[in-house]
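Structural characterization, general
Spelled out, the chains give:
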Amino acid sequence: MSEKFVLATHNSGKLSEMRDILAALGVQVISPAEAGVDIEVEETGSTFAENAMLKAKAICEAAGLPAIADDSGLCVDALNGGPGVYSARYGGEGLDDRGRCMLLLEGLRGQTTRAAHFSCAVACAFPNGDTLTAEGRCDGAIAFAPIGTEGFGYDPVFLVPGKGKTFGQLSAEEKSAISHRGKALAAFVEKLGTYLKK
């Protein structure tokens, strides 16, 4: 019997990625729309884990099915860990990914400390009140200019020290092998597998 889980996202890329990953556990991943759910969850948490759990619990309650959500962002040392949970909203509504990258580079002008990390939290809420969480992190630095066209968000300005390239220069496979999201999902899948065997 296949378990149905709702993934709290409108991003088709994230949906197909999660379908591929969880298929091995006999889990069927559906979108909020497929579950007949249409709610916007306000991300009021002060951490990625809090935001992911807010989304998972709200979707779980609305759909009556287990729900998975994630929240991630970029934390820059010279910006006291910013933009952090505001990564997607950095600079306000009018900015696109490129605009946010340029704003970030502007904010770091003259900074010699370029250390940064991506952080990702995955949360899962079950109708019985059980919850699972997992986190992942990828350390790197902020480049002096955007390089590469792969990925999205801050990928073109996030340098991976071991690779000498930005996330924007890595293939999807190369990126997911080392990314914060890849690590969080791997940890989550392990926990979910254990939970489902109970």
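Now for a description of the structure that goes with this document. Remember, predicted model here, so these are calculated numbers, not experimental data. Along every chain, residues carry numbers that run from 1 in the direction the sequence is written. Per-residue local features of the predicted model are confined to residues with pLDDT of at least 70, and side-chain atom pairs are confined, for both listing and counting, to 80 or more; whole-chain, interface and lining totals are unaffected and use all residues. Heavy atoms throughout the structure, all of them, feed into the side-chain values; hydrogens and water do not.

Turning next to the layout of surface pockets. Method remark: on a 1 Å grid restricted to protein atoms, a set of points is classed as a cavity if a 1.4 Å probe fits but cannot get out and as a pocket if it is open with protein on both sides within 12 Å along at least five of seven lines; lining residues have an atom within 4 Å of a point. Grid points are joined across faces, edges and corners, and a volume is the space filled by probe spheres set on the points. Estimates place the volume of the largest pocket at around 1400 Å³. Along its surface, the largest pocket is lined by 44 residues, and Asn11, Lys14, Asp70, Ser72 and Phe152 are the ones closest to its centre. Those elements that provide at least two residues to the lining of the largest pocket are helix H1 (12–23), helix H2 (48–63), strand E3 (67–76), helix H3 (97–107), helix H4 (172–178) and helix H5 (180–197). Put simply, Ala, Val, Leu, Ile, Met, Phe, Trp, Tyr, Cys and Pro go in the nonpolar bin, Asp, Glu, Lys and Arg in the charged bin, and everything else, Gly too, in the polar bin. Among the residues making up the lining of the largest pocket, the classes are represented as 13 nonpolar, 16 polar and 15 charged. Strands are runs of DSSP state E lasting at least two residues, helices are runs of H or I lasting at least four, and both sets are numbered from the N terminus onward.

For salt bridges, the criterion is a side-chain nitrogen of Lys or Arg within 4 Å of an Asp or Glu carboxyl oxygen. Applying the stated rule across the entire model yields 11 salt bridges. Here the salt bridges do not stand alone but share partners, grouping Lys14, Glu17, Asp70 and Arg181 into one network.

Time to look at the nonpolar core. Remark: nonpolar core denotes a set of buried residues (Ala, Val, Leu, Ile, Met, Phe, Trp, Tyr, Cys) joined through side-chain atoms within 4.5 Å. The buried label applies to any residue whose accessible area, calculated with a 1.4 Å probe on protein chains only, is under 20% of its type's maximum; exposed applies above 50%, and partly exposed to all values in between. In this structure, Leu22, Ile68 and Phe188 are the most contacted members of the largest nonpolar core, which totals 20 residues. With six residues, the single largest contributor to this core is H5. Working rule for contacts: check all heavy atoms of both residues, and any pair within 4.5 Å makes them a contact. Those residues in contact with Phe188, other than ones at most four positions away along the chain, are Ile68, Val122, Cys124, Leu132 and Ala134.

A few words on the packing of aromatic side chains. Each aromatic pair joins two rings of Phe, Tyr and Trp (for Trp, the six-membered one) with centres within 6.5 Å, and gets the label stacked for planes under 30 degrees apart, edge-to-face for over 60, and tilted for any other angle. Applying the stated rule across the entire model yields five aromatic pairs. The interplanar angle of 5 degrees and the centroid separation of 5.6 Å between the aromatic rings of Phe118 and Phe167 together place this pair among those described as stacked. A residue pair is termed long-range when its members are at least 10 positions apart, and Phe118 in strand E5 (residues 115–125) and Phe167 in the loop between strand E8 (165–166) and H4 qualify at 49 residues. The two residues Phe118 and Phe167 agree in class, both being buried. In this structure an aromatic cluster arises from ring pairing among Phe5, Phe126 and Tyr195. For a Lys NZ or an Arg CZ to count as sitting over a ring, it must be within 6 Å of the ring centre and within 35 degrees of the ring normal. If you follow Arg114 out to its NZ or CZ, it ends over the ring of Phe144, 4.0 Å from the centre.

This part takes up H5. Since the α-helix turns once every 3.6 residues, residues separated by three or four places project in the same direction. A helix's residues, less one, multiplied by 1.5 Å, set its expected span. When the terminal C-alpha atoms of H5 are compared, their 26 Å separation across 18 residues agrees well with the 26 Å that a helix rising 1.5 Å per residue should span. Those residues of H5 that sit buried are His180, Arg181, Gly182, Ala184, Leu185, Phe188, Val189, Leu192, Gly193 and Tyr195. Considering only its buried residues, H5 is in contact with strand E1 (3–7), H1, E3, E5, strand E6 (131–142) and H4.

Inspection of the secondary structure puts Ala145 in the loop between E6 and strand E7 (158–160). Since its relative accessible area comes to 36%, Ala145 is described here as partly exposed. Filtering out sequence-adjacent residues up to four positions away, Ala145 remains in contact with Leu105, Pro156 and Val157.

Angles here are taken between N-to-C directions and fall from 0 to 180 degrees, while the axes themselves are lines fitted to C-alpha atoms, restricted in helices to the stretch in contact. The interhelical angle for the contact between H1 and H5, taken along N-to-C directions, is 40 degrees, at an axis separation of 11 Å. In terms of their interaxial angle, H1 and H5 are classed as oblique. The two elements H1 and H5 meet at a crossing, and its hand is right-handed. Counted together, Lys14, Glu17, Met18, Ile21 and Leu22 of H1 and Arg181, Leu185, Val189 and Leu192 of H5 form the full contact between these two elements. A class-by-class count of the residues in the contact of H1 with H5 yields six nonpolar, no polar and three charged. Throughout, the term roughly parallel applies to angles under 35 degrees, roughly antiparallel to angles over 145, roughly perpendicular to angles from 65 to 115, and oblique to all others. Two helices crossing with the near one rotated counterclockwise from the far one by less than a right angle form a left-handed crossing, whereas a clockwise rotation gives a right-handed crossing.

Geometric values such as these leave the question of function open.
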